Amino acid sequence: MSLQVTGQQYIGGARSAAGSTLLYSVNASTGERLPGAFHEATPGEVDAAARAAAAAYPAFRSLAPAQRARFLDAVADGIDALDNAFIELVCQETALSAGRIAGERARTSNQLRQFATVLRRGDFLGARIDLAMPQRTPLPRVDLRQYRIGVGPVAVFGASNFPLAFSTAGGDTASALAAGCPVVFKAHMGHMATASVIADVVVRAAEATEMPRGVFNLIFGDRIGEHLVKHPEIRAVGFTGSLRGGRALCDMAAARPHPIPVFAEMSSVNPLILMPQALERRGAAIAAELTASVTLGAGQFCTNPGLVLGIRSAALDAFVAHFKTAIAAEPAQTMLNAAGWHHYVDGVRKFADTPGMALLAAAPAHPGQASAELWQADAELLFQPDGRLQQEVFGPCTVLVVLDDAAALQRAIDALQGQLTATLIADPEDLADAAPLVAALEHKAGRLLVNGYPTGVEVCDAMVHGGPYPATSDARGTSVGTLAIDRFLRPVCFQNMDDALLPAALRNANPLGIDRLVNGTHTREPIVA
């Protein structure tokens, strides 16, 4: 199919290009400007997009879950139908490989279908019914029924490192739409053409499945984020990016006359702990596996293992020798964009300027490309107030900290800030006495791994991609997996409401056929009035 890239906003199902400021996408590998221009949204267009989403909200949230599911399935089908020309376009804008983009496209469509399944299943509604007990003493109980509805229009900010799975129709958008929340999507400047093509797919799917106009809106621009977050019609924000950017959005949202939640996935160094027996038996293999994880995709993963902790030993020394060799042999890689490369260079330069840090190994440097680097830091730096060692450096580097004993390792874990992941590389003997370590890590991270590497995130019901601050702004949610829908739902209780006025999820006949908690027991049976 031919790609339609007009460079215009999508507002209320129609195109808009009121702004005179033009933006351009570039080839990430060459820096050359790609064909076509994008109109930066004006404040008036941001306002129109938010109001279009608000106008769509009452009808959209009231649709039967199965209708919204058909919409998500149609978006997934449209994304799968995009041909090789689309893959080539994304590769140009991001310097990611065709294989990576093909895999990410499958992840994007699959997660849309997973949310469609959640909608048909109905458990997201959280239906709870406590029937009236007029004969109860000393006081009778009234009829109480609760379910969950979408919070309202959601602003979603596209991520740099995942042009599909965390972008236009990615996890934040998919979960918000599943919850019944129209979306205003702000395209990332690094892949505007990609965003435009996917937006076209979403809008066509909305039209084909008869969704309300304005259920999905797309705007371009680098200076419009504040207008969007502060707009009174926006009720929540989804963001994946830097700590600085996420904090700025959180502060804006909190300062509104009507504060709203920001679900920001921001910064994590994803500590990986090397246990003694595992190093003794398979140190060389661990070094090769860890190198592959650190350098995967030029290290441009929020789950990249940026901090490695180990207890001083001869086995650790042998591991470090293998690790240094593996890192030094890695070819330099092109990053997603020039800004990302400059941030990476600045990050490793700060390591070089920090007393107590030493460069152990580095791959050959190429101008404009990211070279893999292995640093070692004194353990005391973990406890420094500025948190320098725990500030994410987005790229293919990691920091090793050698600790004197198990007690020092426990203290290091206790000093960690919130993380998306924490990993134990361990053999059975290592795990025999690891309960205190696991308990500490559970308090620090959203996902704990044993003998795996964090740079792979399965999209499923049980996945958690979140964690305590600064990994995210709200540790109670996840941005990957079907539980992500919870971020954009709120409970509503009906007291003594006539059956005909109740939402379908709470009516006596249970017309949706869903599992409900009735008087403390899960059942799908209708209620006999």
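Report follows, based on the coordinates.

Some points on the overall build of the chain
Logical step 1: Looking only at helices and strands, one finds 14 helices and 23 strands in the chain.
Logical step 2: Taking 24 Å as the expected radius of gyration for a compact globule of 529 residues, we find that the chain reaches 25 Å, a close match to that expectation.
Logical step 3: Its C-alpha atoms give the chain principal-axis dimensions of roughly 75 × 65 × 40 Å.
Logical step 4: At a minimum sequence separation of 6, the contacts of the chain that also span at least 24 residues come to 77%.
Logical step 5: For the chain, the accessible surface area stands at approximately 21,500 Å², while carbon and sulfur atoms represent 55% of it.
Logical step 6: Within the chain, one finds 42 positive and 50 negative side-chain charges whose respective centroids are separated by 7 Å.

Observations regarding the nonpolar core
Logical step 1: Grouped together as the largest cluster of nonpolar side chains are 76 residues, with contacts concentrated most on Phe 71, Phe 216 and Leu 218.
Logical step 2: Element by element, the count of residues in this core is highest for helix 6 (residues 192-208), at 11 residues.
Logical step 3: Filtering out sequence-adjacent residues up to four positions away, Phe 216 remains in contact with Thr 168, Thr 173, Val 183, Phe 185, Ala 199, Val 202 and Val 203.
Logical step 4: Grouped together as the second largest cluster of nonpolar side chains are 36 residues, Leu 307, Cys 397, Leu 403 and Ala 408 included.

Focus on the sheet that holds strand 21 (residues 489-495)
Logical step 1: The strand order across the open sheet built from five strands is 21-6-5-22-23, with neighbouring strands paired in mixed fashion. Each edge of the sheet is formed by a strand with only one pairing partner; in this case those strands are strand 21 and strand 23 (521-523). Across this sheet, the average inter-strand angle for adjacent strands is 25°, counted without regard to direction.
Logical step 2: As defined by bridge partners, strand 22 (residues 516-518) adjoins strand 23 across three bridges and the pair is classed as antiparallel. Paired with Leu 517 across the bridge in strand 23 is His 522.

Digging into the pairing of strand 17 (residues 373-377)
Logical step 1: Of all the five residues making up strand 17, four are buried; the element is thus mostly covered by neighbouring parts of the structure.
Logical step 2: Both strand 15 (residues 357-362) and strand 17 contribute to a ladder of five bridges, which runs antiparallel. Among the inter-strand pairings, Met 357 is bridged to a residue of strand 17, identified as Ala 377.
Logical step 3: Alignment of strand 17 against strand 18 (residues 397-403), held across five bridges, turns out to be parallel.

What to know about the sheet that holds strand 17
Logical step 1: A sheet is described by the order of its strands in space; here seven strands give the open sequence 15-17-18-13-12-19-20, paired in mixed fashion. The sheet terminates laterally at strand 15 and strand 20 (445-450), the two strands that pair on one side only. Taking the axes of each pair of neighbouring strands and ignoring which way they run, one obtains an average angle of 20° across the sheet.
Logical step 2: Those strands touched by helix 10 (residues 314-328) are strand 12 (271-274), strand 13 (307-311), strand 15, strand 17 and strand 18, and its axis lies near 60° from that of strand 15.
Logical step 3: The sheet strands contacting helix 11 (residues 338-352) are strand 15, strand 17 and strand 18, and the helix crosses strand 17 at an angle near 35°.

Rules behind the numbers
Residues numbered from 1 in each chain as written. Predicted model: local features only at pLDDT ≥ 70, side-chain atom pairs only at ≥ 80, totals over all residues. Heavy atoms only, no water. Helix = DSSP H or I, 4+ residues; strand = E, 2+ residues; numbered from the N terminus. Rg over C-alpha atoms; globule rule 2.2 N^0.38 Å. Contact = heavy atoms within 4.5 Å. Areas by Shrake-Rupley, 256 points an atom, 1.4 Å probe, with all protein chains shown as cover. Lys, Arg positive; Asp, Glu negative; His and termini not counted. Charge placed at Lys NZ, Arg CZ, Asp CG, Glu CD. Core = buried A, V, L, I, M, F, W, Y, C linked by side-chain atoms within 4.5 Å. Buried < 20%, exposed > 50% of the residue type's maximum accessible area, 1.4 Å probe, protein only. Pairing = 2+ DSSP bridges. Axes fitted to C-alpha atoms, helices over the stretch in contact; angles between N-to-C directions.

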